[in-house]
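Below, each chain spelled out in residue letters.
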Amino acid sequence: MPSLLEFQSAMRAELLDDSNPAITATLTAALTPVDRVSIYRNTSRIALTNALRLNYPAVQRLVGEDFFAAAADMFIAKEPPRTAWLDAYGIGFPEFLEGFSPAASLRYLPDVARLERAVSRALHAVDSKTVTPAELARIPQSSAGSICFTPHPSVSLIASDYPVDAIWRAVLAGDDAAIAAIDLGTGPISLLIERQAGSIEVTRIVEQRRRFAEALFAGRPLAAALELAGNPQAPAWLAAHLAAGHFISFAMTEAPRAPSSVVEHRQ
Amino acid sequence: MVPAAMRGDDPIPAKAGIGLRFQHHQAVLECPPDIAFMEVHTENYMGGGAAIRCLEAVRHNYPVSLHGVGLSLGSAEGLDPVHLQRIKQVAERIEPALMSEHIAWSVSGGTYLADLLPLPMTEEALDIVCRHVDQMQNTLRRIILVENPSTYMQFRHSTIPEWEFMAAVAARTGCGILCDINNIFVSANNHGWDASTYVAALPIEAIGEIHLAGHSVCQLADGGNLRIDDHGSCVADDVWSLYADALRRFGPIPTLIEWDNNIPPLEVLLAQACHADTLIGRENELRHAVAA
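Residues numbered from 1 in each chain as written. Chains lettered and ligands numbered in written order. Predicted model: local features only at pLDDT ≥ 70, side-chain atom pairs only at ≥ 80, totals over all residues. Heavy atoms only, no water.

Draft legend 1. Local environment of the overall build of chain A. The helix and strand tally for chain A stands at 14 helices and five strands. Each of the 267 residues in chain A was classed as buried or not, and the buried ones make up 47%. Restricting to contacts in chain A with at least 6 residues of sequence separation, those with at least 24 account for 68%. Working note: accessible area of chain A is about 12,900 Å², and carbon and sulfur atoms make up 56% of it. (Helix = DSSP H or I, 4+ residues; strand = E, 2+ residues; numbered from the N terminus. Buried < 20%, exposed > 50% of the residue type's maximum accessible area, 1.4 Å probe, protein only. Contact = heavy atoms within 4.5 Å. Areas by Shrake-Rupley, 256 points an atom, 1.4 Å probe, with all protein chains shown as cover.)

Structure (structure tokens):
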């Protein structure tokens, strides 16, 4: 008689992989044991494919239902979920698609998936109190440069060589004319993805602003982020981040570091 | 009867409720239907944003039952403490009247298998489930209900009838039982059990809620059939009959209509709930007649 731990490992293997005789041998045989296990395997596979579909709806429309199901099958076998919170499932799907040769002709597909991952994150991230401009105003001007922020978990940034925001909007709207009008050669874009009052906003920003925000979201000191931005508008961008509630906390670095050394230590 | 503490400050009356799914969020907020309570899958409201905010708005109008599908009480490797904390966070925001989970497992080797998988009915599994029910109740600081499963397989090394397993979990942990009548009907059909024997073996005082749902029938080559608990249709007539028998034994109990696939218009769910209310009303009349 198998222990419960052994039994569950065997059944997991059978559900994720193919036939595993260890588990079917423990079943009573009124109906084919393999058939019985396959009921559970099908339910599991459908639930996980649906979870991916909900998180990557534009990818699914771009590749079609059957292609998506086949890709999902391979992805599920490779990266099954680690938790029952399926809203967060499929974090590695964009990178999987990047290496998925049948989709190689759709060069923009992994970046559309990255955008959808960011949208899903914005939709489901935990709620949190945000830093207000009034809290920041208490910091003396002389030490403002050493402020380091922690970003709100719902906000993120994306850089792409393709107009993935336009593709994403047109595909989800089912707007064939808009899809046909998309020019893949319009050059790199930067996107800010955020949750505002419960709805998701995807905004194009200039590259310098993205670099500034990336530095802030990575917890780099404000002085270093300003240096990196190299743009007189950066203080206004910071004000916009604060107004939008993009930070949940801040701390002061021990001593302001020279911007050049911070750049070298960039992750 | 079920201890008052189990039902929180805003107890669910012995009437019918419906399982709330995303398709009906807007409808129940714009025009709140006359229904005793709403139940949701806890896992669909983890994290922040619009979903949980919507549930908070629903909670403003109705008692809410949080029905978990992913904690995996039957996992030999132990509960995922992070997932248990997520459940607790949803409970803190929603202040549910009831909380429940399943006699099943879905996590092995740290992988979530996305289905309620069957447990061998052994002393070892009973010990593990009871330990995890204790852990869940201690973490949430409340009594939970555990639901009997629908299953498609039995194991040679099972030694405890499922109904005795359910009763033992309730007796050893003090938890209540969420008696899923459709699951009893489906499993009894699939394994050749007697559904009435199952219902008769459950401890009356532990029953805190009843579930009703539709199932499908899969014809087999040998002339038999397998019933699949797919929650994709109306409650079957035979299940309504078993439900009426269960009410005779348990008395009026909060009853939920569940529907998860091919989700119909809200009116269809409400009509099913209305029928459950009629049967509960009949049971109330019978009891009053006997008392008088």
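Text resumes after the structure shown.
Draft legend 2. Just the interface of chain B and chain A, in detail. The interface of chain B with chain A comprises 48 residues on the first partner and 41 residues on the second. For aspartate 127 of chain A, the salt bridge is made with arginine 93 of chain B, and the minimal N-O distance between the two is 2.6 Å. Our count for the chain B to chain A interface comes out at 16 residue pairs in polar contact (both at pLDDT 80 or more). Broken down by element, the residue count for the side of chain B that touches chain A peaks at seven residues, all from strand β6 (residues 111–117) of chain B. Residue composition of the side of chain B that touches chain A, by class: 21 nonpolar, 18 polar and nine charged. (Salt bridge = Lys/Arg side-chain N within 4 Å of Asp/Glu carboxyl O. Polar contact = N/O pair within 3.5 Å; in protein donor to acceptor, adjacent residues only side chain to side chain. Nonpolar A, V, L, I, M, F, W, Y, C, P; charged D, E, K, R; others polar.)

Draft legend 3. The arrangement of the side chain of threonine 253 of chain A in detail. Residue and element names in this part refer to chain A. Along the chain, the position of threonine 253 falls in the loop between β5 (247–252) and α14 (259–264). Given a relative accessible area of 18%, threonine 253 falls into the buried group. Setting aside its immediate chain neighbours within four residues, threonine 253 contacts Ser146, Cys148 and Pro221.

Draft legend 4. Here's a closer look at the side chain of serine 44 of chain A. Within the secondary structure, serine 44 of chain A sits in helix α3 (residues 33–55). Once residues lying within four places of it in the same chain are set aside, the contact partners of serine 44 of chain A are Leu113, Ala114 and Asp115 of chain B.

Draft legend 5. View of the pairing of strand β3 (residues 189–196) of chain A. All names here are of chain A. The element β3 is largely enclosed, with a buried count of seven among its eight residues. Across five bridges, strand β2 (residues 156–160) lies against β3 in antiparallel orientation. Following the sheet pairing, leucine 157 is matched in β3 by leucine 192. Of the pairings in the sheet, the one linking β3 to strand β4 (residues 199–205) comprises seven bridges and is antiparallel in character. Across the sheet, the residue bridging to arginine 195 is isoleucine 200, located in β4. (Pairing = 2+ DSSP bridges.)

Draft legend 6. Summary view of the packing of helix α4 (residues 123–140) of chain B against helix α5 (residues 162–173) of chain B. Residues and elements named next belong to chain B. At a minimum axis distance of 10 Å, the contact between α4 and α5 shows a crossing angle of 45°. As judged from the angle between their axes, α4 and α5 are oblique. As α4 packs across α5, the resulting crossing turns out to be right-handed. On α5, the residues that touch Ala125, Leu126, Asp127, Val129, Cys130, Val133, Asp134 and Gln137 of α4 are Phe165, Ala168, Val169, Arg172 and Thr173. Classifying every residue of the contact of α4 with α5 by side-chain character gives eight nonpolar, two polar and three charged. (Axes fitted to C-alpha atoms, helices over the stretch in contact; angles between N-to-C directions. Parallel < 35°, antiparallel > 145°, perpendicular 65-115°, else oblique. Left-handed = near helix turned anticlockwise from the far one by under 90°.)

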